[in-house]
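Inside the fold
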Amino acid sequence: MPRVSEEHLERRRTQILDAARACFIRKGFHETSMQDIFAESGLSAGAVYRYFKSKTEIIQALASTAIASLAGYVATVLAEDPVPPLDDAVGRLTAKIVELSGPGDNLRLAPQAWALALYDEEFGAYVRGRLLDLRALWIQYVARLRDAGRLPADTDATAAGKALFGMMPGFIIQYLLVGDVTPDEFRRGLRSLAVSSTLTQAAQG
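Some thoughts on unusual backbone geometry
- With an omega of 5°, the peptide bond running from Asp81 to Pro82 counts as cis.
- In this structure, Pro82 sits in the loop between α4 (55–78) and α5 (86–99).

So, in structure tokens, the structure goes:
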């Protein structure tokens, strides 16, 4: 009986999250009300509130699933031994982003979640924590490239890791909002930039 009860609870929770995701993708976070979620899920207010106290809690649950799916893959790719070349790593990660950004997938909600995080203090703290975790993976990756001799020995791994991490949200925005970028194009563009030695001004001593 306890096992059946747990499975039932999980099915109900999934039912609510699926309904909320559909509403958020269709109407956005701000225009979606809890009443919309009740109607989409076919559940009563009491049933929904049993699992989630607010719309923000539902958003956080959806964000958590999306971030976990992407973070796990990022960690796996960037920790490979030997360390993967930058264009290969970025190409594979952007392909994963495309895979997780289908019409009904949680990652499509990322731009809305970032906007909400700017003014919702509790949700913002959660999002910042997850982004810092992801950014740390890129910093560690750059350090590994440097230690493997793929980058100059004086490379600032923290600064370079922050710069590389910034490409991922950039790809998501272009893919979801502009729609004319592909993982292969991103990979080729990065490779073209990487082979140039005259893009930046030399540091002034």
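Side note on the pattern of salt bridges
- What the rule picks out here adds up to 11 salt bridges.
- For Asp88, the salt bridge goes to Arg187, with nearest N and O atoms at 3.7 Å. A residue pair is termed long-range when its members are at least 10 positions apart, and Asp88 in helix α5 and Arg187 in helix α10 (residues 183–194) qualify at 99 residues.
- Residue classification places Asp88 among the partly exposed residues on the basis of a relative accessible area of 23%.
- The residue Lys96 makes a salt bridge to Glu99 at a minimum N-O spacing of 3.2 Å. In this pair, Lys96 and Glu99 are both assigned in helix α5, 3 residues apart and thus about one turn of the helix distant.
- Owing to a relative accessible area of 52%, Glu99 belongs among the exposed residues under this scheme.
- Residues participating in the shared-partner salt-bridge network are Glu80, Asp88, Arg92 and Arg187.

Focus: a nonpolar patch on the surface
- The grouping of Ile173, Leu177 and Val178 at the surface amounts to a nonpolar patch, some 290 Å² of accessible area in total.
- With respect to the helices and strands, the residue Ile173 is situated in helix α9 (residues 167–178).
- Look at Ile173 and you get partly exposed, because its relative accessible area is 36%.

Notes on the environment of Leu93
- You can see Leu93 is positioned in helix α5.
- Each C-alpha atom of the pair Leu93 and Ala163 lies 16 Å from the other, and the pair is 70 residues apart in sequence.
- Apart from residues lying up to four places away in sequence, Leu93 is in contact with Tyr73, Val74, Val77, Leu78, Trp138 and Met168.

Brief notes about the confidence of the model for the protein
- Residues of the protein with pLDDT of at least 70 account for 93%, and the chain-wide mean is 91.
- Averaged pLDDT values over the elements of the protein bottom out at 88 in helix α1 (residues 2–27) and peak at 97 in helix α2 (residues 34–41).

Focus on the packing of aromatic side chains
- Going through the model one piece at a time under the given rule, you end up with 6 aromatic pairs.
- A centroid spacing of 6.2 Å and a plane angle of 25° characterise the contact between Phe123 and Tyr126, whose relative ring orientation is stacked. Of this pair, Phe123 and Tyr126 both sit in helix α7 (residues 121–147), 3 residues apart, which is roughly one turn of that helix.
- On the accessibility criterion, Phe123 (0% relative accessible area) is buried.

Considerations on the nonpolar core
- If you look at the biggest cluster of nonpolar residues, it comprises 30 residues, and the most contacted ones within it are Leu78 and Trp138.
- Among the elements of the structure, α4, α5, α7, α8 (157–165), α9 and α10 are those that each provide at least two residues to this core.
- Considering each element in turn, this core owes the most residues, 6 residues, to α7.
- What Leu78 contacts, discounting residues up to four positions off in sequence, is Ala89, Leu93, Leu137, Trp138, Tyr141 and Arg144.
- One finds Met34, Ile59, Ala113 and Tyr126 within the second-largest nonpolar core, a separate group that totals 24 residues.

Looking at the environment of Ala47
- Positionally, Ala47 belongs in helix α3 (residues 45–51).
- The spacing of Ala47 and Arg12 is 35 residues in sequence and 8.6 Å in space, taken between C-alpha atoms.

Scoring rules and cut-offs
- Residues numbered from 1 in each chain as written.
- Predicted model: local features only at pLDDT ≥ 70, side-chain atom pairs only at ≥ 80, totals over all residues.
- Heavy atoms only, no water.
- Helix = DSSP H or I, 4+ residues; strand = E, 2+ residues; numbered from the N terminus.
- Salt bridge = Lys/Arg side-chain N within 4 Å of Asp/Glu carboxyl O.
- Buried < 20%, exposed > 50% of the residue type's maximum accessible area, 1.4 Å probe, protein only.
- Patch = residues over 30% accessible without salt bridge, like charges linked within 9 Å, V, L, I, M, F, W, Y side chains within 5 Å.
- Areas by Shrake-Rupley, 256 points an atom, 1.4 Å probe, with all protein chains shown as cover.
- Contact = heavy atoms within 4.5 Å.
- pLDDT = per-residue confidence, 0-100.
- Phe/Tyr/Trp six-rings, centres within 6.5 Å; stacked < 30°, edge-to-face > 60°.
- Core = buried A, V, L, I, M, F, W, Y, C linked by side-chain atoms within 4.5 Å.

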